[in-house]
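Survey of secondary and tertiary structure
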Amino acid sequence: MSTSTLPMTDPTAAEVAPRPLLGSVLALVGSELRLVLREPLVLAFVFAFPIVTVLVIAGSFSSDDDGFGGVDPSHWYVASYLAVVVAAIGLVMVPVHLAAYRERGVLRRFAAAGFPRWSFLLAQLAVGLVLTLVASAVLLAVAAPVYGLPAVHDPVRVAAALLLGALAFTTIGLLIGSLVPNARAAQGLGLLAFFPSFLLGGGGPPPAVMSDGMRRVSDLLPLTHVTDAIREPWLGTASGLGHLLVVAVLLGVALLVCARSVRL
Amino acid sequence: MIGTPLVRVRGLTKTYGDRVAVDALDLDVRAGEIVGLLGANGAGKTTTVECILGLRRPDSGSVDVLGLDPAVDGDRVRRLVGSQQQESALPDRMRVGEAIALFRGPRAATVDGLLEAFGLADQRRTPFSALSGGQRQRLFLVLAVLNRPRMVVLDELTQGLDPAARRDVWDAIMVLRDAGTTVLLVTHYMDEAEALCDRVVVMRDGRVVDTGTPEQLVLRHAGWATVRFGTPVHESGAAGPHVDRLRRLPGVRSVVDLDGTVEVRGDRGSVAYVCADLVHGTVPHDLTVVMPDLEAAVLALLTSKTPPQRPAPVLITNGALR
């Protein structure tokens, strides 16, 4: 075996060169994406759940329903449901995944193998972003022949909102997954955060039919801002700039808290 | 080959809240040796290993791994020291070949040779969850030595394995030993330490209570060998002289005849003399020999009311303890 040929002198520079951060992140992203494709339950929740629910709810209102500010309800929901993908990944998939890895000692193995400290978290951010884009594309591809796709008025702002929203919610997911004791707790907490966000933050009834109390709660939910930041510039109902700023601040705060308090 | 210190730990102390996990611990691991770190659960073995790997920061004391301080240069230390961590795993759906591709660095050894040496050549496409316990541990060994480290740390490598799987893993560690790899082996299986280790370090309450070769620890702490047999009925009248003769044999400490059952206690060498003596008379059919082993030695070290100080080396002359 090759270990027998090693010199027992001071270590060489090549031996002690730390694992490069970018190479480590890319290797982990490739590995994690491959593993996600083998997780049917994760794929079902991230890909199938938003598709099934948008197909149901977008067809539940007549096209002249006045609860959507003059917009076709099906278009209103198609533009809203990218945020549901963001929430499914950030609030459920990521925290459960990270907590399970920590609970089972997978993260210890990465650390002991010399992977740089932040490489796994950076890789998860990248994986969250890639999955958001792919799941969003699949959602639109399925919704298009059924309801048609509304024209995108401001594609740059829509893309920015989707990007920042995905990063913000993936970071929140990493924070939850790193702080809870185990995967089961992560799942419980994640679902507890997901369903109210889903129902009141864009995936459920429109704000016009909510009670005042429900609307106030909805306004406070981070996912509402992601939904509005995507939908308003998409449908041209508003600029969505204020919501985009809120999402950007949310991302900054989540990154800061994650960097300071995350334990791997 | 054995000599150059790879790891030098001096006065290592680590506490968790009010609990002292490691208490002023000194430890050396020299190139080419397999050192066993033994002790009960909670003795501080894993914490010690984690400090050596730079996964925990000591409260005080110094740790030197090939001239590097793991608390400062943890990433570099972990490039030099391969490890298998207690209670660590791989993702269930990750295949053996994918794990190796993910963990291999630019200095990696030839993968085919490693998989062949550790009996995993046919498992490249097998997911981690489908591997047996022994195969998983052998995969961890492959990953530990994959990047040609100077030393490997194996923490409870065979915990929870059935006897056959444990033997498989032992064989794999012997492959490492034959290659001259330095190994720090954390275990609480005494037969494992006895079979594999050149030197063992026994920890109790975060401190080293003794260190030496397994044989040295047995001699110091395991008590006496015991030979027990029944005296044939027709010799019962001659029990007195028989006992006297046994007492005079080299290494024998005591001989007791209890209602026809003779119990001879002495050092390991005395067993041969007692058995040779028996061959000259009527060979008993109920002969029992209990040899002192490492388990007895470590048990004595771990259960004594006051942790013993390290004794002076024991010399063996002509089969007898001096």
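Bear in mind that the values here come from a model prediction, so they are computed numbers and not experimental data.

The helix and strand tally for chain A stands at 11 helices and 0 strands. Secondary structure of chain A in N-to-C order comes out as α-α-α-α-α-α-α-α-α-α-α. If one aligns the C-alpha atoms of chain A with their principal axes, the spans along those axes are about 80 × 35 × 30 Å. Within chain A, buried positions represent 50% of all 264 residues. By sequence separation, contacts in chain A at least 24 residues apart represent 81% of the contacts at least 6 residues apart. Of the roughly 11,100 Å² that chain A leaves accessible, carbon and sulfur atoms contribute 70%.

The next point concerns the domain arrangement of chain B. Split into domains, chain B comes out as domain 1 (5–219) and domain 2 (224–291). Computed from C-alpha coordinates alone, the two centres of domain 1 of chain B and domain 2 of chain B are separated by 44 Å.

The interface is formed by 39 residues belonging to chain A together with 46 residues belonging to chain B. Summing both sides of the interface, chain A and chain B together bury roughly 3,800 Å²; the carbon and sulfur share of this comes to 55%. In this structure, the connection of chain A to chain B is made through 5 salt bridges. We note a salt bridge from A:R38 to B:E98, for which the minimum N-O separation is 2.5 Å. Our count for the chain A to chain B interface comes out at 10 residue pairs in polar contact (both at pLDDT 80 or more). For the side of chain A that touches chain B, the secondary-structure elements that each account for two or more residues are α1 (13–16), α2 (21–36), α4 (73–104) and α5 (106–112) of chain A.

All names here are of chain A. Two elements in contact, helix α3 (residues 40–58) and α4, have axes separated by 9 Å at closest approach and are oriented at 155°. In terms of axis orientation, α3 runs roughly antiparallel to α4. In this structure, α3 meets α4 at a crossing whose hand is right-handed. Facing α3, whose interface residues are V42, F45, V46, F49, P50, T53, V54, I57 and A58, α4 presents S74, Y77, V78, Y81, V84, V85, A88, I89, V92 and M93. Residues that form the contact of α3 with α4 fall into these classes: 17 nonpolar, 2 polar and no charged.

What follows deals with the sheet that holds strand β7 (residues 182–186) of chain B. All names here are of chain B. If you trace the 6 strands from one edge of the open sheet to the other, you get β5-β6-β7-β3-β8-β9, paired in mixed fashion. Each edge of the open sheet carries a strand with a single partner, namely β5 (81–84) and β9 (207–212). Mean inter-strand twist for the sheet, computed between neighbouring axes without regard to direction, equals 15°. Pairing geometry for β5 and strand β6 (residues 151–155), over 4 bridges, is parallel. Bridge pairing in β6 places G82 opposite V152. Sitting on the sheet, helix α8 (residues 214–221) is in contact with β8 (199–204) and β9, with an inclination near 110° to β9. Along the sheet, helix α11 (residues 294–303) contacts β3 (34–39), β8 and β9; its crossing angle with β8, the most-contacted strand, is approximately 30°.

To continue, consider helix α11 (residues 241–261) of chain A. Residues and elements named next belong to chain A. Its 21 residues place the ends of α11 30 Å apart at the C-alpha level, agreeing with the 30 Å of an ideal helix rising 1.5 Å per residue. Those residues of α11 lying buried are H243, L244, V247, L251, A254 and C258. Here the buried residues of α11 occupy an arc of 100° about the axis, which is enough to place them on one side. Opposite the buried face of α11, by more than 90 degrees, sit the exposed residues L245, V249, L256 and R260. If you follow the buried residues of α11, they end up packed against α7 (155–179) and α10 (222–235).

What follows is about the sheet that holds strand β13 (residues 288–290) of chain B. All names here are of chain B. Ordered by their spatial adjacency, 4 strands build an open sheet running β11-β12-β10-β13, and the pairing between neighbours is antiparallel. Pairing within the sheet leaves two strands with one partner each, and these edge strands are β11 (252–258) and β13. When strand polarity is set aside, the average angle formed by the axes of neighbouring strands in this sheet is 15°. In the sheet, β11 pairs with strand β12 (residues 261–266) via 6 bridges, with the strands oriented antiparallel. Counterpart to V255 in the pairing with β12 is V264. Along the sheet, helix α10 (residues 268–280) contacts β10 (225–230), β11, β12 and β13; its crossing angle with β10, the most-contacted strand, is approximately 20°.

The next subject is the packing of helix α5 (residues 133–145) of chain B against helix α6 (residues 163–178) of chain B. Residue and element names in this part refer to chain B. Between α5 and α6, the least distance of the axes is 9 Å, while the angle of their chain directions is 15°. Relative to α6, α5 is oriented roughly parallel. For α5 against α6, the interelement crossing comes out right-handed. Touching G134, Q137, R138, L141 and V145 of α5 are A165, D168, V169, A172, I173 and L176, all from α6.

The subject of this paragraph is the nonpolar core. A:F110, B:L90, B:L141 and B:I173 are the most contacted members of the largest nonpolar core, which totals 81 residues. With sequence-adjacent residues up to four places away left out, B:L141 is seen in contact with B:F118, B:L154, B:L157, B:V169, B:A172, B:I173 and B:L176. Core analysis: the next-biggest nonpolar cluster, separate from the first, contains 48 residues, A:Y77, A:A166, A:F194 and A:F198 among them.

Here is what the cut-offs are and how they apply
- Residues numbered from 1 in each chain as written.
- Chains lettered and ligands numbered in written order.
- Predicted model: local features only at pLDDT ≥ 70, side-chain atom pairs only at ≥ 80, totals over all residues.
- Heavy atoms only, no water.
- Helix = DSSP H or I, 4+ residues; strand = E, 2+ residues; numbered from the N terminus.
- Buried < 20%, exposed > 50% of the residue type's maximum accessible area, 1.4 Å probe, protein only.
- Contact = heavy atoms within 4.5 Å.
- Areas by Shrake-Rupley, 256 points an atom, 1.4 Å probe, with all protein chains shown as cover.
- Domains from an automatic or database assignment.
- Buried area = accessible area lost by both parts, 1.4 Å probe.
- Salt bridge = Lys/Arg side-chain N within 4 Å of Asp/Glu carboxyl O.
- Polar contact = N/O pair within 3.5 Å; in protein donor to acceptor, adjacent residues only side chain to side chain.
- Axes fitted to C-alpha atoms, helices over the stretch in contact; angles between N-to-C directions.
- Parallel < 35°, antiparallel > 145°, perpendicular 65-115°, else oblique.
- Left-handed = near helix turned anticlockwise from the far one by under 90°.
- Nonpolar A, V, L, I, M, F, W, Y, C, P; charged D, E, K, R; others polar.
- Pairing = 2+ DSSP bridges.
- Expected span 1.5 Å × (residues − 1).
- Arc of directions from axis to C-beta.
- Core = buried A, V, L, I, M, F, W, Y, C linked by side-chain atoms within 4.5 Å.

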